[in-house]
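Structural overview
For reference, the chains in residue letters:
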Amino acid sequence: QVQLVESGGGLAQPGSSLKLSCATSGFSFGDYAIGWFRQAPGKEREGLSCISYDGQSQLNQDSLKERFTISRDGAEKTVYLQMNSLKPEDTAVYYCARSKWTRICAPLRPHYFDDWGQGVQVTVSS
């Protein structure tokens, strides 16, 4: 069945970088857009970025686009989120998800994504 597994999180110091991975299986990776979300305690799930089936288009949250970069590797069937200049407010559980739209990026709302990874904790603290 469809599986998405996040990895690469953990504890990071402010100003440092992390690269999250979303390894996928159980579906035709090259036919689907994939998005990244995060959720901090007590807050709603927040859409971060989405990349189209072929990597040629993206949808990014304006407030994060200078620090967070999404990419995908068709051979590895993996989507990445490069996070730079990390801040304490980036602390959250980070999720990747498959879009209900097979090829293009949906709006960065959880409703438009149908399969989710388990999430990975990112903690930014000195």
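Quick note: structure is the one above.
Attention in this report is confined to the structure presented alongside it. All of these numbers come straight from a predicted model, not from anything done at the bench.

Here the structure, examined in full by the defined rule, presents 2 disulfides. Across the disulfide, Cys22 is cross-linked to Cys96 (sulfur-sulfur distance 2.0 Å). Between Cys22 and Cys96, the disulfide has an S-S torsion of 75 degrees and is therefore right-handed. In this pair, Cys22 sits in strand S3 (residues 18–25) while Cys96 sits in strand S9 (residues 92–99), placing the two residues 74 residues apart along the sequence. Residue Cys22 shares its accessibility class with Cys96, and that shared class is buried. Put simply, Cys50 and Cys105 are joined by a disulfide, and their sulfur atoms are 2.5 Å apart. Between Cys50 and Cys105, the S-S dihedral sits near -95 degrees, and the bridge is therefore left-handed.

On to the packing of aromatic side chains. Scanning the entire structure with this criterion turns up 5 aromatic pairs. Ring centres of Phe37 and Phe113 lie 4.8 Å apart, and the angle between their planes is 80 degrees; this geometry places the pair in the edge-to-face category. Here Phe113 lies in strand S10 (residues 113–116) and Phe37 lies in strand S4 (residues 34–39), a separation of 76 residues in the sequence. Across the pair, Phe113 and Phe37 agree in class, each one buried. Taking 6.3 Å as the distance between ring centres and 80 degrees as the angle between the ring planes, the aromatic pair formed by Tyr95 and Trp116 counts as edge-to-face. Of this pair, Tyr95 sits in strand S9 while Trp116 sits in strand S10, placing them 21 residues apart in sequence.

One can find Ala33 in the loop between S3 and S4. When the C-alpha positions of Ala33 and Gly74 are compared, they lie 12 Å apart, and in sequence the two are 41 residues distant.

Definitions and cut-offs
Residues numbered from 1 in each chain as written. Predicted model: local features only at pLDDT ≥ 70, side-chain atom pairs only at ≥ 80, totals over all residues. Heavy atoms only, no water. Disulfide = S-S within 2.5 Å. Helix = DSSP H or I, 4+ residues; strand = E, 2+ residues; numbered from the N terminus. Buried < 20%, exposed > 50% of the residue type's maximum accessible area, 1.4 Å probe, protein only. Phe/Tyr/Trp six-rings, centres within 6.5 Å; stacked < 30°, edge-to-face > 60°.

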